[in-house]
Amino acid sequence: MKLIAAFVAAIALFGAVATTRNRPPDDPIALAYQALIAKDLRLATVGYHLAQGSAAYCRNTWRNPGWVLHDERQYPDLALAHRAFTFRKPVSIAALVTGGPAARAGLQPGDGLTAADGSVVWYDPAAKDQRPTSGRIDGLRETIAMRLSEGRPIRFGIATANGHRDLILDPPAVCASDFWVDVRSKRDAGADGKRVRVTSGLIDYVRDDDELAAVVAHEMAHNLLDHRPRIEASKSGKTKVIKATEAEADRLSVWLMANAGYDPEAAISFWQRYGKATGLGIFSAPTHYRWQTRVAMLREEIDLMSRSPAGDDRRDPPLLAAHRAKQ
Ligand SMILES: [Zn+2]
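Bear in mind the structure is a predicted one, so any value in this text is a computation, not a measurement.

A. Expanded view of the overall build of the protein chain. Within the protein chain one finds 12 helices and 11 strands. Here the protein chain, with 327 residues, has 49% of them falling under the buried criterion. A separation of at least 24 residues holds for 68% of the contacts in the protein chain among residues at least 6 apart in sequence. Approximately 15300 Å² of the protein chain is accessible, and the part contributed by carbon and sulfur atoms is 53%.

So this is what it looks like as structure tokens:
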């Protein structure tokens, strides 16, 4: 229940941010729920653009439907969740990435999942009285991600405003990584090999989507270059290996940003500001470069990028080319 407590604490900090919902609730907690989904969508959108922009160059790919799913039971207060959102089923679409596969298929926020790839999305009405949990939505996300990574179309049963719909989703392959908002206020981000995590506090801290793209691209780069298994496989000198992977993530990040139409200069402005504000912390660790060094490396990489040929305004990042060449 620790997570739920953290969630309640975190939503209290969000404040009332207007969202795209057309039914503004009067309750501050319901508004905070909407603000959280607005962040989820912002991260999902930036992540989707980064993944799509370099799709042709990534060895590690998966298929992203471009939706944010949520479960009414992930919210501490079920009644307020229903005031904040439309749930046509207990697990429903919270938001859609504009122009993404799910949006192009005509799905709408509020549409509910009844089945995914032949299995019924579990729902027990008697469980409504139980304590809030994110277990069901986490399990479902994992199942969908696994099936998407197998590279075949997935059949969904969807409850829409106009009745039941059978839908086959077959999203194109894009660079790997799923994205999720960690509700803590601490400014932090991470990558676990498959997913990219950005805290709510860091999303509040970035100036714009270009700066958010700098953070997400750095973390995604760790996943795309298989840094985690590389660090785990290193027998000795882990500090040196981690430092090398940090430099690679910085270098690749600006190419991913440029290929997705984000301004790579935002990586410099973000790391400068964040580095100065953070002072010591992780920047003093032997596994990480000092921020001044990172900024100099980013400048070098942006210069290198501007000198390399672009097709369709996109460039093959040298680190991804080297990764593709590996067995
Ligand atoms: Zn890193």
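B. The coordination of the zinc ion, seen in detail. Those protein atoms acting as donors to the zinc ion are His218 (NE2), His222 (NE2), Glu246 (OE) and Glu246 (OE), and they sit at 2.1 to 2.6 Å. For the zinc ion, the 4 donor atoms in the first shell make angles of 53 to 134° at the metal, so the coordination geometry reads as irregular. On the primary sequence, the residues serving as donors to the zinc ion are separated as H-x3-H-x23-E. Of this pair, His218 sits in helix H7 (residues 209-224) while Glu246 is found in helix H9 (residues 238-259), placing the two residues 28 residues apart along the sequence. With respect to burial, His218 and Glu246 carry one shared label: buried.

C. The arrangement of the pattern of salt bridges in detail. In this structure the tally under the stated criterion is 21 salt bridges. Note that Glu301 and Arg251 form a salt bridge whose closest N and O atoms lie 2.7 Å from each other. Remark: Arg251 occurs in helix H9 and Glu301 occurs in helix H11 (residues 291-306); sequence separation between them is 50 residues. One network of salt bridges, in which partners are shared, links Asp117, Arg147, Glu150 and Arg152.

D. Broad picture of the nonpolar core. Residues Leu50, Trp67, Leu113, Phe156, Val198, Val216 and Met257 are the most contacted members of the largest nonpolar core, which totals 69 residues. Counting the residues that make up this core, at least three belong to each of domain 1 (2-174) and domain 2 (177-325). Every residue in contact with Leu113, bar those within four places of it in the chain, is listed here: Leu69, Lys89, Val91, Val121, Leu140, Ile144, Phe156, Gly157 and Ile158. Core analysis: the second largest hydrophobic core is formed by 15 residues, Tyr48, Val68, Tyr75 and Val97 among them.

E. Focus on the state of the cysteines. As enumerated under the stated definition, the model contains 1 disulfide in all. The disulfide that involves Cys58 links it to Cys175, with 2.0 Å between the sulfurs. Residues Cys58 and Cys175 are joined by a disulfide whose S-S torsion is about 90°; by sign, that bridge is right-handed. On the criterion of sequence distance, the pair formed by Cys58 in the loop between helix H2 (28-53) and strand E1 (61-63) and Cys175 in strand E8 (residues 173-175) is long-range, its members being 117 residues apart. The same class applies to Cys58 as to Cys175, namely buried.

F. Expanded view of the sheet that holds strand E9 (residues 178-182). Strand order across the open sheet formed by 3 strands is E9-E11-E10, with mixed pairing between neighbours. If you trace the sheet from one side to the other, it starts and ends with E9 and strand E10 (189-191), each paired once. With strand direction ignored, the average angle separating the axes of adjacent strands in the sheet is 15°. Sheet analysis places E10 next to strand E11 (residues 195-199), joined by 3 bridges and oriented antiparallel. When the bridges of E11 are listed, Ala189 appears paired with Val198. In the packing of H2 onto the sheet, the strands contacted are E9 and E11, and the crossing angle to E9 comes to about 150°.

G. Expanded view of the packing of H7 against helix H10 (residues 265-278). Two numbers describe how H7 lies on H10: the axes approach to 8 Å, and their chain directions differ by 85°. Considering their axes alone, H7 and H10 lie roughly perpendicular with respect to each other. Contacts between H7 and H10 pair Asp210, Glu211, Ala214, Val215 and His218 from the former with Ala266, Ala267, Ser269, Phe270, Trp271 and Arg273 from the latter. In terms of residue class, the contact of H7 with H10 is made up of 6 nonpolar, 2 polar and 3 charged.

H. The environment of Leu140, seen in detail. Mapped onto the secondary structure, Leu140 falls in helix H5 (residues 135-149). Its relative accessible area of 12% is what places Leu140 among the buried residues. When the C-alpha positions of Leu140 and Val121 are compared, they lie 8.0 Å apart, and in sequence the two are 19 residues distant. Non-local contacts of Leu140, meaning those with residues more than four positions away in its chain, are made with Val91, Leu113 and Val121.

I. A look at H10. Under the 1.5 Å per step criterion, the end-to-end length of H10 is 20 Å for 14 residues, consistent within 8% with the ideal 20 Å. Where H10 is concerned, the buried positions are Ala266, Ala267, Ile268, Phe270, Trp271, Arg273, Tyr274 and Gly275. Considering only its buried residues, H10 is in contact with helix H6 (200-205), H7, H9 and H11.

The rules we used
Residues numbered from 1 in each chain as written. Predicted model: local features only at pLDDT ≥ 70, side-chain atom pairs only at ≥ 80, totals over all residues. Heavy atoms only, no water. Helix = DSSP H or I, 4+ residues; strand = E, 2+ residues; numbered from the N terminus. Buried < 20%, exposed > 50% of the residue type's maximum accessible area, 1.4 Å probe, protein only. Contact = heavy atoms within 4.5 Å. Areas by Shrake-Rupley, 256 points an atom, 1.4 Å probe, with all protein chains shown as cover. Donors = N, O, S within 2.8 Å, 3.2 Å for Na, K, Ca; no water. Tetrahedral: all angles 85-135°; square planar, octahedral: opposite > 155°, others 65-115°. Salt bridge = Lys/Arg side-chain N within 4 Å of Asp/Glu carboxyl O. Core = buried A, V, L, I, M, F, W, Y, C linked by side-chain atoms within 4.5 Å. Domains from an automatic or database assignment. Disulfide = S-S within 2.5 Å. Pairing = 2+ DSSP bridges. Axes fitted to C-alpha atoms, helices over the stretch in contact; angles between N-to-C directions. Parallel < 35°, antiparallel > 145°, perpendicular 65-115°, else oblique. Nonpolar A, V, L, I, M, F, W, Y, C, P; charged D, E, K, R; others polar. Expected span 1.5 Å × (residues − 1).

Any functional reading would require information that these geometric values do not contain.
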